Amino acid sequence: MRTRTQVGIIGAGPAGLLLQHLLAQQGVDSVLVENRSREYCEKRQRAGVLEHGSVELLKEIGLGDRMVREGLTHSGIYLQFDGERHHIDFPSLTGGRTLTVYAQTEVVKDLIAAGLAAGHQLHFEVSETAVRDIDTERPVLSFVDADGVAHEVECDAIAGCDGFHGVSRPAIPSLRVSERTYPFAWLGILATVPPSTDELIYAHSPHGFAMHSMRSTEVSRLYIQVDPDEKIEDWSDERIWEQLQLRLGHPGWTLSEGPITEKSITPMRSFVAEPMRHGRLFLAGDAAHIVPPTGAKGLNLAVADVKVLANALVRLLVEGKADLADAYSETCLTRVWRSTWFSWFMTSMLHRFPVESFASPAEAEFQERLQIAQLRQVVSSTAAATNLAENYAGWPLP
Ligand code: FAD
Ligand code: DHB
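If you're wondering where the values come from, they're calculated on a predicted model, not measured in any experiment.

1. Description of the side chain of Lys297
Argument step 1. Relative to the helices and strands, Lys297 is located in the loop between strand 21 (289–290) and helix 8 (298–317).
Argument step 2. At a separation of 2.7 Å, a polar atom in the side chain of Lys297 contacts the side chain of Glu51.
Argument step 3. Engagement of the side chain of Lys297 in a polar contact is seen with the backbone oxygen of Asn391, the distance being 2.8 Å.
Argument step 4. Residues in contact with Lys297, not counting those within four places in the same chain, are Glu51, Val291, Ser339, Phe342, Ser343, Asn391, Tyr392, Gly394 and Trp395.

Laid out in structure tokens, this is it:
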């Protein structure tokens with residue numbers, strides 16, 4: 001079946017779904033295809049922290065009602081190391097900026113429900129997604145829908161919002177790739193137990209990194225650093241809680257335990273592909289770049305990309321001007337590299353690097369002493385704390 005739209009969008013993650021809304025609000029029609037089911041997209045456990053700018057954008061476009069009702073506003077984070085726990089207060093360091101804990105699953109549910117209610121064209125469970133003719137003004141998005149019907153959608157532009165393993169990035173002929181794979185992974189759990197903390201705790205410990213986050217007043221989200229080749233089957237609930245108690249433990253404070261309802265292991269890497277556009281194919285979000293989760297930046301970067309992209313596409317397709325589209329990659333990459341730096345900084349400061357990743361045990365010791373010196377600087381110097389707070393809370397959206 002041959003059809004036509006203005007923008008073909010691949011991927012129903014936060015990037016693709018939000019782009020479809022931003023375009024629709026400015027009168028641009030689109031077709032979005034996703035190879036997973038709606039239920040899978042809504043259940044996939046990932047990010048939890050929204051920057052001030054992401055929250056404001058969702059509110060501005062009328063999709064923030066439930067987030068405002070159910071999201072948890074936080075005014076900073078705790079940094080824990082060497083037996084100490086310090087609060088970094090974001091509003092006082094950043095001119096009032098806060099962060100919101102509202103799970104990516106909930107953002108995705110809100111975007112899908114509003115999209116379907118508004119009559120957006122959303123196809124779940126497609127297969128054989130492909131793009132062609134991206135060097136022309138009529139690129140084609142092809143796919144087979146859930147009923148087995150083959151579609152060819154003639155577009156004016158295609159947005160590759162299909163995450164790290166999608167088909168869009170490989171369709172770009174020459175990319176400059178920068179990459180770093182970290183020698184550890186995160187084991188994340190959801191537990192039905194009220195959070196034991198008022199703010200997120202990031203803990204450096206001799207046993208490895210741990211973090212205490214949350215999803216609601218009833219559900220906690222916790223992470224521990226593990227070796228990248230660990231198997232989730234080898235981590236019983238008891239073993240996970242034991243490590244969390246060991247790494248997060250602090251005098252006069254108790255970590256409450258509860259039933260674990262979800263657990264998974266995520267590798268940690270940084271990856272940036274440049275440019276983020278070739279002809280009429282534009283990459284956005286994890287399709288173009290990945291950051292390790294320590295800085296809570298991935299979802300927020302995806303939001304920033306699609307805000308820039310929506311403006312560029314409206315200018316191109318409604319006003320007939322290519323200036324913003326031509327500048328798209330460069331505009332996004334400034335922020336991408338700032339987030340890449342911040343995520344590297346947080347990751348390097350807080351994790352225990354395996355001794356084998358150094359030339360000698362003395363070098364491993366050197367790295368650990370530097371981490372503590374860095375952490376001490378952040379908690380004792382307003383300049384250093386401001387740098388962390390500004391980057392974590394996020395700078396204004398373009
Ligand atoms: P995705 O969410 O990956 O969406 C891409 C979509 O494309 C998927 O639905 C996929 O099924 C679909 N797709 C792929 N291939 C095809 C195809 N061929 N055809 C059709 N569809 C396709 N970020 C933060 O900002 N804050 C955090 O606190 C944070 N914590 C995190 C914690 C963890 C444990 C993890 C794993 C990530 C975390 N992130 C965080 C990162 C964040 O989740 C991602 O950056 C975000 O999902 C990127 O959104 P996206 O829309 O670009 O990509
Ligand atoms: C969460 C994830 C992160 O990567 C982070 O830095 C903070 C919180 C979370 O899932 O809640």
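So that's the structure; there's more coming.
2. Re the nonpolar core
Argument step 1. Counting 68 residues, the largest nonpolar core has Leu18, Leu19 and Leu23 as the members making the most contacts within it.
Argument step 2. At 13 residues, helix 8 tops the list of elements feeding residues into this core.
Argument step 3. The next biggest cluster of nonpolar side chains, apart from the first, holds 37 residues, and it includes Phe81, Tyr202, Ile372 and Leu388.

3. So, the site of ligand 1
Argument step 1. The environment of ligand 1 is made up of 33 residues, and the closest members are Glu34, Arg44, Gln104, Asp286 and Leu299.
Argument step 2. Contacts to ligand 1 include Asn35, whose backbone N or O atom sits 3.2 Å from a nitrogen atom.
Argument step 3. Between ligand 1 and Ala296, the relevant distance is 3.1 Å, taken from an oxygen atom to a main-chain nitrogen or oxygen of the residue.
Argument step 4. Bound to the protein, ligand 1 loses 91% of the 1000 Å² it would expose on its own.
Argument step 5. Mapped by element, the contributors of at least two residues to the shell around ligand 1 are helix 1 (14–25) and helix 8.
Argument step 6. It is helix 8 that provides the largest number of residues to the shell around ligand 1, a total of four residues.
Argument step 7. Classifying every residue of the shell around ligand 1 gives 14 nonpolar, twelve polar and seven charged.

4. Observations concerning the packing of aromatic side chains
Argument step 1. Scanning the entire structure with this criterion turns up 14 aromatic pairs.
Argument step 2. Aromatic pair Phe90 and Tyr392: ring centres 5.3 Å apart, planes at 45°, arrangement tilted. Of the two residues, Phe90 is situated in helix 5 (residues 90–94) and Tyr392 in helix 11 (residues 382–393); the sequence distance between them amounts to 302 residues. Judged on exposure class, the residue Phe90 and its partner Tyr392 are both buried.

5. Focus on the sheet that holds strand 18 (residues 260–274)
Argument step 1. The sheet built from eight strands is open, its strands ordered 7-6-15-16-17-14-18-21 with mixed pairing. Pairing within the sheet leaves two strands with one partner each, and these edge strands are strand 7 (84–89) and strand 21.
Argument step 2. Two elements, strand 15 (residues 200–203) and strand 16 (residues 210–214), share three bridges in a ladder whose sense is antiparallel. Across the sheet, the residue bridging to Ile201 is His212, located in strand 16.
Argument step 3. Across the sheet, helix 10 (residues 361–380) touches strand 6 (76–81) and strand 7, and the angle it forms with strand 6 is around 140°.

6. Some points on the environment of Asn35
Argument step 1. Of note, Asn35 is situated in the loop between strand 3 (30–33) and helix 2 (38–43).
Argument step 2. What makes Asn35 exposed here is its relative accessible area of 51%.
Argument step 3. Each C-alpha atom of the pair Asn35 and Gly11 lies 7.5 Å from the other, and the pair is 24 residues apart in sequence.
Argument step 4. In this view, Asn35 contacts Glu125 and Val126; residues no more than four positions away in its chain are not counted.

7. Brief notes about the sheet that holds strand 2 (residues 7–10)
Argument step 1. As summarised here, the arrangement of the six strands in space is 9-3-2-13-20-19, forming an open sheet in which the pairing is mixed. Each edge of the open sheet carries a strand with a single partner, namely strand 9 (121–123) and strand 19 (277–278).
Argument step 2. For strand 19 and strand 20 (residues 281–283), the ladder comprises two bridges, and the chain directions are antiparallel. Bridging across to strand 20, Arg277 finds its partner in Phe282.

8. Details of unusual backbone geometry
Argument step 1. Cis geometry marks the peptide bond from Glu274 to Pro275, where omega comes out at -5°.
Argument step 2. Mapped onto the elements of the fold, Pro275 is located in the loop between strand 18 and strand 19.
Argument step 3. Phi is positive for Glu128, which is not a glycine, with a value near 55°.
Argument step 4. Locating Glu128 in the fold gives a position in strand 10 (residues 127–132).

9. Considering the packing of helix 8 against helix 9 (residues 323–350)
Argument step 1. Across the interface, helix 8 lies against helix 9 with an axial gap of 9 Å and an inter-helix angle of 170°. The orientation of helix 8 with respect to helix 9, classified from their angle, is roughly antiparallel. Residues Leu301, Ala304, Asp305, Val308, Leu309, Asn311, Ala312, Arg315 and Leu316 of helix 8 touch helix 9, and the partners they reach there are Asp323, Leu324, Ala325, Tyr328, Thr331, Cys332, Arg335, Val336 and Ser339.
Argument step 2. Its residues assigned to classes, the contact of helix 8 with helix 9 comprises eleven nonpolar, three polar and four charged.

Cut-offs and rules
Residues numbered from 1 in each chain as written. Chains lettered and ligands numbered in written order. Predicted model: local features only at pLDDT ≥ 70, side-chain atom pairs only at ≥ 80, totals over all residues. Heavy atoms only, no water. Helix = DSSP H or I, 4+ residues; strand = E, 2+ residues; numbered from the N terminus. Polar contact = N/O pair within 3.5 Å; in protein donor to acceptor, adjacent residues only side chain to side chain. Contact = heavy atoms within 4.5 Å. Core = buried A, V, L, I, M, F, W, Y, C linked by side-chain atoms within 4.5 Å. Buried < 20%, exposed > 50% of the residue type's maximum accessible area, 1.4 Å probe, protein only. Near = heavy atom within 4 Å. Areas by Shrake-Rupley, 256 points an atom, 1.4 Å probe, with all protein chains shown as cover. Nonpolar A, V, L, I, M, F, W, Y, C, P; charged D, E, K, R; others polar. Phe/Tyr/Trp six-rings, centres within 6.5 Å; stacked < 30°, edge-to-face > 60°. Pairing = 2+ DSSP bridges. Axes fitted to C-alpha atoms, helices over the stretch in contact; angles between N-to-C directions. Parallel < 35°, antiparallel > 145°, perpendicular 65-115°, else oblique.

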